[in-house]
Amino acid sequence: MIDLTGKTALITGASRGIGAATARRLAEAGAAVVLAARTKKPLRDVEKEINKSGGAALAAPCDVADFASVERVVLQAERTFGGLDILVSNAGVIDPIARLEDSDPAAWSRAVDINLKGVYYGLRAAAPAMKRRGGGVIVNISSGAANSALEGWSAYCASKAAAKKLTECAHGELGDAGARAAAVRVVGLSPGTVATDMMARIKESGVNPVSRLDWSSHIPPEWVAQAVLFLCGPDGAAFAGTDFSIKTEEGRRLVGLPPLAS
């Protein structure tokens, strides 16, 4: 069992889906969790649920596309719980789902602001706070789209590919070999397709083969949360700087998930 007692974790996109499941799982492991998202009521609901079950949670409305907002939430974590040890950069959007010539430039730009710049802002705000604590772990939720070119997903594929490279750069600068002070572990997590509101939006679009996958082929967000917990534990250090996958038999075995369907 991985024990996070005494640790503080900040999870973005924590009001639903992967983010909410991750907040619950890290709280179960003993971490105090700071819940960041733009939608306030669902965020408060997750906060109340975790606190009612005996955990320690703080809802902190935040727009990851705004550095000042991200920096403010990191400071809230330090003031409320004494520091920051874990960041899970999960906030992301799939829209605009559209062919390039039909896409809305403002929506395309917004996707980059959230999916790429939001990851950078998290790294930039969290790394100094973690070094003040003597180190930490940053898990950036990645996607198979980072290695793909899918119709209608130009913004998502491009921003996820850039975020994957950013994870590698951050590992080189903040990890054991590159850190000038306390090391910060930076790792990506590629979960595959997950049964969330985003996947429902993808299915509704009918664009590219991913939208036509049977719903039963998607994994529950709780499996992703379990993988995040694994990457925060001691065995996760072996995967620093990589895009750890739970789409493989080895990845699922390490995390403790059911094997791939035959």
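See above for the structure.
Report on the accompanying structure. (Residues numbered from 1 in each chain as written. Predicted model: local features only at pLDDT ≥ 70, side-chain atom pairs only at ≥ 80, totals over all residues. Heavy atoms only, no water.)

Turning our attention to the sheet that holds strand β7 (residues 243–245). What the 7 strands build is an open sheet, ordered β3-β2-β1-β4-β5-β6-β7; its pairing is parallel. The two strands at the open ends of the sheet, each matched to only one other strand, are β3 (56–61) and β7. On average, each strand axis in the sheet is tilted by 20° relative to the strand beside it, whichever way the strands run. Pairing between strand β1 (residues 8–12) and strand β2 (residues 32–37): 5 bridges, direction parallel. Of the residues in β2, the one forming a bridge with Thr12 is Ala36. Packing against the sheet, helix α1 (residues 17–28) makes contact with β1, β2 and β4 (86–89), and its axis sits at approximately 170° to β1. With respect to the sheet, helix α2 (residues 40–52) is in contact with β2 and β3, its orientation differing from that of β3 by roughly 170°. (Pairing = 2+ DSSP bridges. Helix = DSSP H or I, 4+ residues; strand = E, 2+ residues; numbered from the N terminus. Axes fitted to C-alpha atoms, helices over the stretch in contact; angles between N-to-C directions. Contact = heavy atoms within 4.5 Å.)

What follows is about the layout of surface pockets. Here the largest pocket is characterised by a volume of approximately 970 Å³. As for the largest pocket, its lining consists of 43 residues, of which Asn90, Gly92, Val93, Thr196 and Met198 are closest to the centre. If you list the elements that add at least two residues to the lining of the largest pocket, you get α1, β2, α5 (154–174) and α6 (197–205). It is α6 that contributes the most residues to the lining of the largest pocket, 5 residues altogether. Among the residues making up the lining of the largest pocket, the classes are represented as 21 nonpolar, 14 polar and 8 charged. (1 Å grid on protein atoms, 1.4 Å probe; cavity = no way out; pocket = protein on both sides within 12 Å on 5 of 7 lines; lining within 4 Å. Points joined across faces, edges and corners; volume = space filled by probe spheres on them. Nonpolar A, V, L, I, M, F, W, Y, C, P; charged D, E, K, R; others polar.)

Further remarks concern helix α3 (residues 67–81). With 15 residues, α3 should reach 21 Å at 1.5 Å per residue; the first-to-last C-alpha distance of 21 Å fits that figure. Within the span of α3, buried status applies to Ser69, Val70, Val73, Val74, Ala77 and Glu78. Of the surrounding secondary structure, the elements contacted by the buried residues of α3 are β1, β2, β3 and α4 (105–132). Where α3 begins, the capping side chain belongs to Asp66, and its oxygen is found 3.2 Å from the backbone nitrogen of Ala68. Where α3 terminates, the next one or two residues include Gly82, which has phi positive at roughly 90°. (Expected span 1.5 Å × (residues − 1). Buried < 20%, exposed > 50% of the residue type's maximum accessible area, 1.4 Å probe, protein only. Polar contact = N/O pair within 3.5 Å; in protein donor to acceptor, adjacent residues only side chain to side chain.)

Moving on, we get to the packing of aromatic side chains. On inspection of all chains with the given rule, the structure shows 6 aromatic pairs. When the ring of Phe67 is compared with that of Tyr121, the centres are 5.6 Å apart and the planes differ by 50°; the resulting orientation is tilted. Of this pair, Phe67 sits in helix α3 while Tyr121 sits in helix α4, and the two are 54 residues apart along the sequence. Under the relative-accessibility criterion, Tyr121 is labelled buried at 14%. (Phe/Tyr/Trp six-rings, centres within 6.5 Å; stacked < 30°, edge-to-face > 60°.)

This part is about the pattern of salt bridges. In total, this model carries 13 salt bridges according to the counting rule given. Measuring nitrogen to oxygen at the nearest pair gives 3.4 Å for the salt bridge that ties Arg99 to Glu101. Classification of Arg99 by relative accessible area gives partly exposed; the value is 44%. A relative accessible area of 59% means that Glu101 is categorised as exposed. When the shortest N-O distance is used, the salt bridge between Arg99 and Glu151 registers 3.4 Å. Here the residue Arg99 occupies a position in the loop between β4 and α4, and Glu151 occupies one in the loop between β5 (136–141) and α5, the gap between them amounting to 52 residues. (Salt bridge = Lys/Arg side-chain N within 4 Å of Asp/Glu carboxyl O.)

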